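An overview of the molecular structure
This is what each chain is made of:
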Amino acid sequence: MLPASIPDELISKILLLLSLKNIVQLKCVSKSWNTFISDPIFIQMHLKKSSQDPHLILTPVPKYPGKYPMSRVKSFPVSRLLENPSITVSGDNFHSSIGSCKIIGSCHGLLCLLFHSRFRTLNDEYRKYWFCLWNPATREISKNSGTFKDSNTQPNTYKFTFGCDMSSGTYKVVALRKVLAKRGEENKVDWKGQVRVFTFGDNCWRKIQSCPMIPVILLNIHINRINNGVHLSGTVNWLALPNYIQPAYEYGWKSIANAQQFVVVSLDLSTEIYTQILLPRGFDMVPCFQPILHVLMDCLCFSHDFKGIEFVIWKMKDFGVQESWTQLFRIEYLKIYHDLNFYKLPLHLSKNGDTLVLANCEDDRAVIYNRRDKGVERITVSNKLCWFSTIDYVESLISTCWISGTSTPNTSSIHENMVGKSVLFLTNKEDEVRESDSNDED
Amino acid sequence: MAEEVSSQMNSLSISETNPSSSATISLVSGDDIVFKVEPTIAKEMETVQSFIDETDGKITTIPLPNISSHDLPYVIEYCEKSIAGKITKEFEAEFVKKLNNEEVKELFLAANYLNIKKLLDFLSQVIADRIANKSVEYVRRYFGIENDFTPEEEAKLREELAWTFTGVDPDDEDEN
């Protein structure tokens, strides 16, 4: 009997039901299947389907400042966690020979990896940074890209955020750092957030307008592990304060006069224009601890403590619309943890909005909180992993080759404003400086 | 095979004697066999229903040249269960047990032609389950696809994708 031939659109319907690894293997079936599976239309269809099955990526505790071996990074579907929180989640190991680096973000299944090392030459010392895009599902990795050097060897100088410019479909890294700026006629100086953008496929970093407010992550009060900038559908968002505010270590947030001083500064990755978004009107009291921006159910969310007693989570239903902030949760701290521990990061909210996965900063554990019975279950993981720096992830077939092999990322030029005394062209032999835990403060 | 068809025909001729038979829809298979079905069944088949609607219900005999008299009873059976709200995991498992690979594919194409979403989704899953973690050769045979790679091209691609070849199940005996 002659086999009935199945048209392409029906083949794709079947393929989308297979595991990603299985789909990739079937590229070997024939030339047309190979082309079909590599086709952007099929890849987008797969991404849409795969987004229904969100994963979390957990990273190990950094041994060296701001980097960890990729072989110890783990990923698993959230559904596994929600089905049975009491089981031990061992996760999938990322097999990789990539070495030590840091994941600065994830978008469409691509992870942006940050590598950095301290180097010493005969007459100079600097830190070199470079980036890669990595698709752990297809095991594809891009060439090194966006390399630059900075005479400041502290590993935490820059706050990097990874995102996608939706209009051009290109991936970008935003680098934010704190610089001193003169204010007015007087000789007073303020901190300001200097911003540079790197587009994968381009060879240089571009300086854009500075952040109009000062992102709280640059103020470095108490806690330095909060997500650097929050990427949401083509925008990078920071919680910010007016430039003149200088909260001091010893006073914490009490030096902030009123809650209205907090705003969200949102950078559109296509237009590279900032907009200000106001926080919920119900947020009218300066919190005791640093509030946090994050994403739940594809919406920008804002979490803060209320008088140190309750933990409050808001969701902005329509991006940019202050009126659309709605309160999702209001939980007594004592209910979710035995000890009073205020730095919490909501990681995931189930589709029905009842079950919340919540990371705790202090001990780097996570709990599952159920809204209905107000029950709390601890999540246990076999390895020591940082729940507080969890990254949302979906499996995808998207290629890390952003343009057709014409880029030469290793010869990246550095914008002259990028770094004060940076080494532009390296002629001396450079020696990598071995870094240990004691070398730098992370 | 012929016996199977006639037994299906018998069961269908019972519905022909049904008092409400005046309102039935006649579906004519590619090999010219007429199947009388209730209008509610036709509603499940979007292609058939839109044909009826276009002619304001005047035409109740619908030719389905792409569907054989062997496949049509299966489609009708599935639609009947669907209307009765009796599509259970058990029914689906029994339903698919009777079908060999070739029949599954034919029904899949029929479901697509008739635009029966539920059946199409169900059969997509059946096919996916049957090819999941099978060898590339098995999938080629399953879909009747000719390997147009040169041996060198295929070897190179297999080497690149070597990591996907772990955990492939041994091929079943091909049924067709």
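All figures in this text were calculated on a predicted structure; none of them were measured in a lab. (Residues numbered from 1 in each chain as written. Chains lettered and ligands numbered in written order. Predicted model: local features only at pLDDT ≥ 70, side-chain atom pairs only at ≥ 80, totals over all residues. Heavy atoms only, no water.)

Another aspect to go through is the UniProt feature "domain: SKP1 component dimerisation" (unreviewed entry) in chain B. Under the UniProt annotation, the feature "domain: SKP1 component dimerisation" (unreviewed entry) is placed at residues 117-163 of chain B. Between the C-alpha atoms that bound residues 117-163 of chain B the distance is 35 Å, and the span itself is 70% helix and 0% strand. (UniProt positions renumbered as here; feature names shortened; annotations may be inferred. Helix = DSSP H or I, 4+ residues; strand = E, 2+ residues; numbered from the N terminus.)

Another point: the sheet that holds strand β20 (residues 292-296) of chain A. All names here are of chain A. The strand order across the open sheet built from four strands is β20-β21-β22-β23, with neighbouring strands paired in antiparallel fashion. Of all the strands in the sheet, just β20 and β23 (325-332) have a single pairing partner and so form its edges. On average, adjacent strands in this sheet sit at an angle of 30 degrees to one another, irrespective of strand direction. Here five bridges tie β20 to strand β21 (residues 299-306), and the two strands are oriented antiparallel to one another. Each residue of the ladder has a partner; that of H294, found in β21, is C301. (Pairing = 2+ DSSP bridges. Axes fitted to C-alpha atoms, helices over the stretch in contact; angles between N-to-C directions.)

Another point: helix α4 (residues 72-83) of chain B. Compared with an ideal rise of 1.5 Å per residue, which puts twelve residues at 16 Å, α4 of chain B spans 17 Å between its outermost C-alpha atoms and is within 8% of the ideal. G85 of chain B, located one to two residues past α4 of chain B, shows a positive phi value of around 65 degrees. (Expected span 1.5 Å × (residues − 1).)

What follows covers the packing of aromatic side chains. Aromatic rings in a pair are described by how distant their centres are and how their planes are angled relative to each other. Taken as a whole, this structure holds 32 aromatic pairs over all chains when the rule is applied. Geometrically, the ring pair formed by F162 of chain A and Y171 of chain A is stacked, given 5.8 Å between the ring centres and 25 degrees between the ring planes. For F162 of chain A, a relative accessible area of 2% corresponds to the buried category. Ring centres 5.7 Å apart and planes at 10 degrees place the aromatic pair Y78 of chain B and F122 of chain B in the stacked group. Linking Y78 of chain B in helix α4 with F122 of chain B in helix α7 (residues 117-131), this pair joins segments that are 44 residues apart in sequence. Residues Y78 of chain B and F122 of chain B agree in their burial class; the two are buried. (Phe/Tyr/Trp six-rings, centres within 6.5 Å; stacked < 30°, edge-to-face > 60°. Buried < 20%, exposed > 50% of the residue type's maximum accessible area, 1.4 Å probe, protein only.)

Before going further, it helps to examine the UniProt feature "domain: SKP1 component POZ" (unreviewed entry) in chain B. When the UniProt feature table is mapped to this numbering, "domain: SKP1 component POZ" (unreviewed entry) covers residues 25-81 of chain B. Split by type, residues 25-81 of chain B is 44% helix and 23% strand. Its first and last C-alpha atoms lie 18 Å apart.

The subject of this paragraph is the interface of chain A and chain B. Taken together, the 29 residues of chain A in the interface contact 36 residues of chain B. Where chain A abuts chain B, roughly 2900 Å² becomes buried across the two surfaces, and 71% of that area is made up of carbon and sulfur atoms. The interface formed by chain A and chain B contains two salt bridges. Ionic pairing is found between K31 of chain A and E153 of chain B, a salt bridge with its closest N-O pair at 3.7 Å. In this assembly, chain A and chain B are joined by seven residue pairs in polar contact (both at pLDDT 80 or more). Among the secondary structure elements, those contributing two or more residues to the side of chain A that touches chain B are α1 (8-15), α2 (20-25) and α3 (31-38) of chain A. The class makeup of the residues in the side of chain A that touches chain B is 17 nonpolar, seven polar and five charged. (Contact = heavy atoms within 4.5 Å. Buried area = accessible area lost by both parts, 1.4 Å probe. Salt bridge = Lys/Arg side-chain N within 4 Å of Asp/Glu carboxyl O. Polar contact = N/O pair within 3.5 Å; in protein donor to acceptor, adjacent residues only side chain to side chain. Nonpolar A, V, L, I, M, F, W, Y, C, P; charged D, E, K, R; others polar.)

Before going further, it helps to spend a moment on the packing of α1 of chain A against α3 of chain A. Residue and element names in this part refer to chain A. At their nearest, the axes of α1 and α3 sit 12 Å apart, and the two run at 65 degrees to each other. Classified by the interaxial angle, the pair formed by α1 and α3 is roughly perpendicular. Our pair here, α1 against α3, has a crossing hand that is right-handed. In this structure, α1 uses D8, I11, S12 and L15 to contact α3, whose residues at the interface are W33, F36 and I37. Of the residues that constitute the contact of α1 with α3, the class distribution is five nonpolar, one polar and one charged. (Parallel < 35°, antiparallel > 145°, perpendicular 65-115°, else oblique. Left-handed = near helix turned anticlockwise from the far one by under 90°.)

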